[in-house]
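Notes for the structure review
Spelled out from the first residue to the last, the chains are:
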Amino acid sequence: EAQVTQNPRYLITVTGKKLTVTCSQNMNHEYMSWYRQDPGLGLRQIYYSMNVEVTDKGDVPEGYKVSRKEKRNFPLILESPSPNQTSLYFCASRGRLAGRETQYFGPGTRLLVL
Amino acid sequence: EDKVVQSPLSLVVHEGDTVTLNCSYEVTNFRSLLWYKQEKKAPTFLFMLTSSGIEKKSGRLSSILDKKELSSILNITATQTGDSAIYLCAVTPGNTGKLIFGQGTTLQVKP
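As the structure is a computational prediction, the values presented were derived from the model and not from experiment. (Residues numbered from 1 in each chain as written. Chains lettered and ligands numbered in written order. Predicted model: local features only at pLDDT ≥ 70, side-chain atom pairs only at ≥ 80, totals over all residues. Heavy atoms only, no water.)

On to the state of the cysteines. Residues and elements named next belong to chain A. Under the counting rule described, the total for this entry stands at two disulfides over all chains. Covalently, Cys 23 is tied to Cys 91 through a disulfide, its sulfur atoms 1.8 Å apart. An S-S torsion of about -70 degrees defines the bridge between Cys 23 and Cys 91 as left-handed. Pair noted here: Cys 23 is in strand 3 (residues 19-25) and Cys 91 is in strand 9 (residues 87-97), with a separation of 68 residues, a long-range link. (Disulfide = S-S within 2.5 Å. Helix = DSSP H or I, 4+ residues; strand = E, 2+ residues; numbered from the N terminus.)

Turning to the side chain of Arg 36 of chain A, a few remarks are in order. Residues and elements named next belong to chain A. Following the sequence through the fold, Arg 36 ends up in strand 4 (residues 31-38). The class for Arg 36 is buried, based on a relative accessible area of 8%. For Arg 36, the side chain forms a polar contact with the side chain of Asp 38, separated by 2.9 Å. Residue contacts for Arg 36: discarding those within four places in its chain leaves Gly 42, Leu 43, Arg 44, Ile 46, Val 60, Tyr 64, Asn 84, Gln 85, Thr 86, Ser 87, Leu 88 and Tyr 89. (Buried < 20%, exposed > 50% of the residue type's maximum accessible area, 1.4 Å probe, protein only. Polar contact = N/O pair within 3.5 Å; in protein donor to acceptor, adjacent residues only side chain to side chain. Contact = heavy atoms within 4.5 Å.)

Below is the structure:
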């Protein structure tokens, strides 16, 4: 089954404690990206990756890092989380499957930074 | 500044009605426009429209891209309560992987 998985699904942490949210896809998609969703602000792109070792900033990259060492994984790293990074995070991948463009989102990670 | 605007922001209809959702954009070197449906979880992908594919249809849903007017519409015919969701539009500018979202249209379909 085609899917994007994220872990953890829920996380409560404290300011300054480094954390990583993992993202993995099983569709061999080249393109992966991270978003945050906040009430009143909608979905905003944090980082994206067009392929292995190729990453670039989205609209709100400050305070986040990513890496793409292999095609299937695209972790999101918060080196020193702050309360304004409390949000719902989605990972997504996009590519062609059976000749048709498809995109899949992960189930989301709800992060609370105290 | 690249921008995507959706209208209306919210809409209430009755089952069986037809609805049209709008998405307009101002982006540098438009490449593609995507529609998503979001219920109480992650968005699900509906359509992608580009210069070479300006009309898409899947069941009761269809979408058209108007490159002249810099806009797109999403039509839902014979609406059902299961169509209740937030519909999101997003645009990719230039030869990048950036994706800029509109604020979404919240659709409620009443029985």
